[in-house]
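What follows is the residue order along each chain.
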Amino acid sequence: MSTLPANIVPLPQQRRRALPWTLGLGAFGLALSLTATSAYLPPLLGQFTDSRALIALVLGSEGLFALTLPLVTGPWSDTFQTPLGRRRPFMLVALAPLGFCLAVVAFMPSLWLMTLILLAFFFAYYVYEPPYRGLYPDLLPPSEYGRAQGIQHVLRGLAIGTGLIGGGLLFDAWHPAPFLITAFISVAACGATILFVREPVGVPNRVFEGVSAYLSHSWHILKREPEVRRFLVCNSAWEGTFAGARFFVVLYITQGLGEPVSTSTAVLATVAAGYVVAAAWAGWVGDRLGLARVIYFCSFVYGAGLLLAGLAREWHDWYLALMFPVTVAAGAVMTLAWGLLFKLTPAEHRGTVAGLATTTKGFGLVIGPIAAGAAMDIFGRYFTSTDGYQLLWPILGIPILAVIPLVRHMALLEKSASGTPARSAG
């Protein structure tokens, strides 16, 4: 289990209480920037091509960066030491390209220039994210991981809501507006984390050991740390389910159930509300009962709710009431996941493991939607009333339920390492 490095001096109580909010500003900026590109770039790309497959390919290129770049930036940030610290230099380098790409992408005069700018944005995003994730276990004690992740996800939920609602109004007024304003806010939020967080400073080391060395290091950590492997399998399932739902939920409602866009808006609002509610309570409860233990119980509600959703063939408004506890459980799983990883990560390999975990997000972005879409295409003819879309939810629910035994094992380990006798998660 990870512990704080010896050279981290405990902070005064008031400053320590504020630190998770300062760190959370980085997540706010990242979530806001990604919301703008995923929500408002497709209509702009549609001005240059009628091919939905091509638009999906351009946007799905994010997965390529998530699969590869963190395997280098993560371990590199473990060994990189400067007067600014070891994580923040990477974040600082990514800041200007991230803001620049967001600000100019809407003004590009062709599909290929817009794609090139988007690729540069994804590159900067995944240079910033793994070292940023590594700051949490570097600066916070394990007893505050749950609270810190709860705060981060509250801010992330606010960013997504702000981006979808405010960005939509701005986009209707002037297409480049949401990108320009998002660029300014994202740089300010991500920059505030760099500015106000203080890292411990070690012996200067700016040597780049090479891509192959960092990939090899990631592979050795993967082989040596069984609990990290278990988490990465679970995180692949969680991220794949999340990505599949994000890609297809609106199509399920509008095409599968034949409902208007207003219904999908109500569903998305319910999901967002459940996400924020989960972020508000899950961290506090997880710090007291155990992060893996809360994930364990919530996974039953999450997975079973998705399985039952596959029975729906027509829409009823009272479904929203049934959805809400499922979205809260799903939000709790996603909120506490990274805090659990921090507890399982050796202190000297936090950046490397953060990179590996970000890579599983890439697997989710690529595999989740493809697997769900392929299954609906193959078996959809047997579910003609919804054009096969009702299959989406059981397909996404199975991975959540399948990894529950792994979560239970991590819950027992977390309980044992907390200094109290191990007890069954169930």
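About the cut-offs
Residues numbered from 1 in each chain as written. Predicted model: local features only at pLDDT ≥ 70, side-chain atom pairs only at ≥ 80, totals over all residues. Heavy atoms only, no water. Helix = DSSP H or I, 4+ residues; strand = E, 2+ residues; numbered from the N terminus. Buried < 20%, exposed > 50% of the residue type's maximum accessible area, 1.4 Å probe, protein only. Contact = heavy atoms within 4.5 Å. pLDDT = per-residue confidence, 0-100. Patch = residues over 30% accessible without salt bridge, like charges linked within 9 Å, V, L, I, M, F, W, Y side chains within 5 Å. Areas by Shrake-Rupley, 256 points an atom, 1.4 Å probe, with all protein chains shown as cover. Salt bridge = Lys/Arg side-chain N within 4 Å of Asp/Glu carboxyl O. Core = buried A, V, L, I, M, F, W, Y, C linked by side-chain atoms within 4.5 Å. Phe/Tyr/Trp six-rings, centres within 6.5 Å; stacked < 30°, edge-to-face > 60°. Lys NZ or Arg CZ within 6 Å of the ring centre and 35° of its normal. Axes fitted to C-alpha atoms, helices over the stretch in contact; angles between N-to-C directions. Parallel < 35°, antiparallel > 145°, perpendicular 65-115°, else oblique. Nonpolar A, V, L, I, M, F, W, Y, C, P; charged D, E, K, R; others polar.

Trainee: I would appreciate a short explanation of the overall build of the protein in the present structure.
Mentor: A tally of helices and strands in the protein yields 16 helices and 0 strands. Relative to its full complement of 426 residues, the protein shows a buried share of 55%. Here the contacts in the protein between residues at least 6 apart in sequence split such that 84% fall between residues at least 24 apart.

Trainee: Explanation requested: the confidence of the model for the protein in the structure shown.
Mentor: Low pLDDT marks regions whose predicted coordinates should not be analysed in detail. On average, residues of the protein carry a pLDDT of 83, and 89% of them reach 70 or more. pLDDT under 50 marks residues 1-11. Its contacts with residues more than four places away, or in other chains, come to 30 contacts. Between residues 420-426, whose pLDDT stays under 50, and residues either more than four places distant or in other chains, the model counts 19 contacts.

Trainee: How do you make sense of the side chain of S186 when you look at a structure like this?
Mentor: For S186, the location among the structural elements is in helix α8 (residues 177-196). Under the relative-accessibility criterion, S186 is labelled buried at 0%. Among all residues touching S186, those that are not within four sequence positions of it are G29, L32, S33, L98, L102 and G191.

Trainee: Just checking my understanding: could you explain a nonpolar patch on the surface for this structure?
Mentor: The grouping of F107, W174, L180, I181, F184 and I185 at the surface amounts to a nonpolar patch, some 590 Å² of accessible area in total. On the secondary structure map, F107 appears in the loop between α5 (88-104) and α6 (111-139).

Trainee: Explain the nonpolar core here, please?
Mentor: General note: in soluble globular proteins, nonpolar side chains tend to be found buried as a group. Core analysis: the largest hydrophobic core is formed by 110 residues, its most contacted members being F121, F231 and W238. Sort the elements by how many residues they give to this core and α6 lands first, with 15 residues. In this structure, W238 is in contact with F231, I295, V333, M334, A337, I400, V403 and V407, ignoring residues within four places of it in sequence. Listed in part, the 7 residues of the second largest apolar core include F28, A31, I151 and A189.

Trainee: Honestly, the packing of aromatic side chains in this entry has me stumped. Any pointers?
Mentor: Working definition: an aromatic ring pair is given by the centre-to-centre distance plus the angle between the planes. If you walk through the whole model with that rule in mind, you get 19 aromatic pairs. With a centroid separation of 5.6 Å and an interplanar angle of 55°, the aromatic rings of F121 and F122 are classed as tilted. Take F121: its relative accessible area is 1%, and that puts it in the buried class. Consider the rings of F231 and W238, whose centres lie 6.0 Å apart with planes at 75°: the pair is edge-to-face. As far as the burial class goes, F231 and W238 line up, both buried. By the ring-pair criterion, three or more aromatic residues cluster together here, those being F65, F121, F122, F123, Y125 and Y126. Above the ring of W338, the side-chain terminus of R133 is found at 4.1 Å from the ring centroid.

Trainee: Whenever I open this one, the packing of helix α7 (residues 145-173) against α8 confuses me. Can you help?
Mentor: When two helices pack together, their arrangement is captured by the angle between the axes and the distance separating the axes. Where α7 meets α8, the closest approach of the two axes is 7 Å, and the angle between their N-to-C directions is 135°. In terms of orientation, α7 lies oblique with respect to α8. Contacts between α7 and α8 involve G167, L170 and F171 on the former and, on the latter, A177, P178 and I181. Taken together, the residues of the contact of α7 with α8 sort by class into 5 nonpolar, 1 polar and no charged.

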